[in-house]
Structure formats: C-alpha cells, structure tokens
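Listed below are the residues making up each chain.
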Amino acid sequence: ETGVTQSPTHLIKTRGQQVTLRCSSQSGHNTVSWYQQALGQGPQFIFQYYREEENGRGNFPPRFSGLQFPNYSSELNVNALELDDSALYLCASSSGRSLAKNIQYFGAGTRLSVL
Amino acid sequence: DQQVKQNSPSLSVQEGRISILNCDYTNSMFDYFLWYKKYPAEGPTFLISISSIKDKNEDGRFTVFLNKSAKHLSLHIVPSQPGDSAVYFCAASGNQFYFGTGTSLTVIP
C-alpha cells in the first residue's frame, strides 16, 4: 500500500459539467503530480505541484486546474467537461521536485466517465 | 506526439525464462529513464531507473539497459516469475514526465 489515496474511485458526469478529484499524499511528501490515462494509453502528465505552487505543466488546456493544500493534499479540477476527458486520473506523490530522482507513489486512480 | 514508445503491446514468457521489454524514445534531452509496473485496479509502482550517463543498472532480477545512440532502453527480468505478470510502462524525464503506452507481460507457469 502506497499511502496515496484518491477519491472518488468512480465518477460519471455529463458534457459541460465541472468535476473535482481529490488526492491525499503519502505522509512526508511535498510534491504531487496528476496524470490522465486514456484507455489503452500510458499516463499523460497534466501538472505538478511542489509546496503549493504549480511546478510544471503538460499539454493540457487551462480548463484543467489544480490546487495543493498546506497539508500537501491536492485537487484536480476540470471545467467544461468533454467526452474525451473520460479516462483514469492518477495522482502521485513524491518527496522532492524532481520526478525522476524522487520516486513517485501512485494512487489507484479515479475513473471518470463523461456522457 | 508520442515521445516514448513501446511497440509491443503484449509479451508472453515461460516461468524461469528471460523477459525483455523494449522502449524507444525520440528526445535526446531526456536525462532519466524509469520503468513502472502496474497491476489491475492499482496505480503504477516504481521498479527501476537509469540516468542518461549510464548504460546499465541492475536491481536483483531486474536490469535496465540504455542505448543512447539508438534512443532505446530495455528491461530484462531474469528469471521471470508468475507474479511478474503485469503491465510495464517505461517513462522518461525531461522538462516533463513522459510514459510509454505499456507492454502487458504474462508469465506462464
């Protein structure tokens, strides 16, 4: 067990709605990253937060936004949902800013379905 | 734009034999390469990594080889065990983090 928990595990929304996904980091970790994994694909990097500030972003539009709280838990918000947003959303926490040099511990993910 | 590619979606190997999983990348600026393993209904788990300044890293049954001139890395599992059956993702670190599409490994008892 990694200690990274995500909620909810499954979610169904309709196109145009907004969604908030939550992640509780492993104890002692100050960095969180979010990934989108579409069916049959590898995870795609959305963004990273380090000590409550965005520290890197992948090729995702601004309607994907996030927050990291003082206790290092995190939220991913997606506005104006599109059908292509249907995917598994993974959160990972680590103990430092470098995603390569610090092991990322992943949660089991939130499965989002947009109808 | 797929910067990290795993061209074999699946691989089957007999227990006790070697499993070789391959990965190709396009960006010569990547400085770290990693392998993750994923079981169903779980998040990916870190397996092994290698810096771009090295060409081999070994950890128990797992060895990663890096060929920078070919922009190719591979993961060798020796001997393969049924518990190794999972999806394996290679990943590369540059200005952001890139995962491949995964290879599903089945180790047959």
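To start, this report covers the structure provided alongside it. Being a predicted model, the structure only gives us computed values, none of them experimental. (Residues numbered from 1 in each chain as written. Chains lettered and ligands numbered in written order. Predicted model: local features only at pLDDT ≥ 70, side-chain atom pairs only at ≥ 80, totals over all residues. Heavy atoms only, no water.)

To continue, consider the overall build of chain B. A tally of helices and strands in chain B yields zero helices and eleven strands. Along chain B, helices and strands appear, N-terminal first, in the series β-β-β-β-β-β-β-β-β-β-β. A principal-axis box enclosing the C-alpha atoms of chain B has dimensions of 40 × 25 × 20 Å. Within chain B, the proportion of its 109 residues that are buried is 47%. Excluding contacts between residues fewer than 6 apart, the proportion of contacts in chain B whose partners are at least 24 apart in sequence is 53%. A total accessible area of about 5,200 Å² is found for chain B, and carbon and sulfur atoms account for 49% of it. Averaged over its 9 positive side-chain charges, chain B has a centre that lies 3 Å from the centre of its 9 negative ones. (Helix = DSSP H or I, 4+ residues; strand = E, 2+ residues; numbered from the N terminus. Buried < 20%, exposed > 50% of the residue type's maximum accessible area, 1.4 Å probe, protein only. Contact = heavy atoms within 4.5 Å. Areas by Shrake-Rupley, 256 points an atom, 1.4 Å probe, with all protein chains shown as cover. Lys, Arg positive; Asp, Glu negative; His and termini not counted. Charge placed at Lys NZ, Arg CZ, Asp CG, Glu CD.)

Residues and elements named next belong to chain B. Of all seven residues in strand β5 (residues 45-51), five are buried, a share of seventy percent or more. Across six bridges, strand β4 (residues 32-38) lies against β5 in antiparallel orientation. Looking at the pairing, Tyr32 lines up with Ser51 of β5. Adjacent in sequence and paired antiparallel, β4 and β5 are bridged by six residues, among which Ala41 carries a positive phi angle near 65°. (Pairing = 2+ DSSP bridges.)

It is worth spelling out the sheet that holds strand β3 (residues 19-25) of chain B at this point. Residue and element names in this part refer to chain B. Spatially, the five strands line up as an open sheet ordered β1-β3-β8-β7-β6, and their pairing is antiparallel. The two strands at the open ends of the sheet, each matched to only one other strand, are β1 (4-5) and β6 (56-59). Summarising the sheet, β1 and β3 pair through two bridges and their orientation is antiparallel. Looking at the pairing, Lys5 lines up with Asp24 of β3.

Under the criterion given, the structure shown has two disulfides over all chains. Residue pairing for A:Cys23: its cysteine sulfur links by disulfide to A:Cys91, the two sulfurs lying 1.8 Å apart. One quick way to see it: the torsion about the S-S bond of A:Cys23 and A:Cys91 is about -60°, and its sign makes the bridge left-handed. With a gap of 68 residues between them, A:Cys23 in strand β3 (residues 19-24) and A:Cys91 in strand β9 (residues 87-94) connect regions that are remote in the sequence. For the pair A:Cys23 and A:Cys91, one class covers both residues: buried. Each disulfide pairs two cysteine sulfurs, and for B:Cys23 the partner residue is B:Cys90, the sulfurs being separated by 1.9 Å. Of note, the bridge from B:Cys23 to B:Cys90 carries an S-S torsion of about 65° and is right-handed in sense. (Disulfide = S-S within 2.5 Å.)

Once that is clear, we can look at the interface of chain A and chain B. At the interface, 20 residues of chain A touch 16 residues of chain B. Summing both sides of the interface, chain A and chain B together bury roughly 1,400 Å²; the carbon and sulfur share of this comes to 65%. At the boundary of chain A and chain B, one finds zero salt bridges. Where chain A packs against chain B, one counts zero residue pairs in polar contact (both at pLDDT 80 or more). Listed by contribution, the elements that provide at least two residues to the side of chain A that touches chain B are β4 (31-37) and β9 of chain A. Class assignment of the residues belonging to the side of chain A that touches chain B gives a composition of ten nonpolar, eight polar and two charged. (Buried area = accessible area lost by both parts, 1.4 Å probe. Salt bridge = Lys/Arg side-chain N within 4 Å of Asp/Glu carboxyl O. Polar contact = N/O pair within 3.5 Å; in protein donor to acceptor, adjacent residues only side chain to side chain. Nonpolar A, V, L, I, M, F, W, Y, C, P; charged D, E, K, R; others polar.)

Mapped onto the fold, B:Gln3 is located in the segment before β1. Polar contacts involving the side chain of B:Gln3 include one to the side chain of B:Asn27, which spans 3.4 Å.

Turning next to the nonpolar core. B:Val4, B:Phe33, B:Trp35, B:Leu73, B:Leu75 and B:Tyr88 are the most contacted members of the largest nonpolar core, which has 24 residues in total. Taken together, the elements giving at least two residues each to this core come down to β3, β4, β5, β7 (62-67), β8 (72-77), β9 (86-93) and β11 (103-108) of chain B. Here the element with the most residues in this core is β9(B); it accounts for four residues. With 20 residues, the next largest nonpolar core counts A:Val19, A:Cys23, A:Ile46 and A:Val114 among its residues. (Core = buried A, V, L, I, M, F, W, Y, C linked by side-chain atoms within 4.5 Å.)

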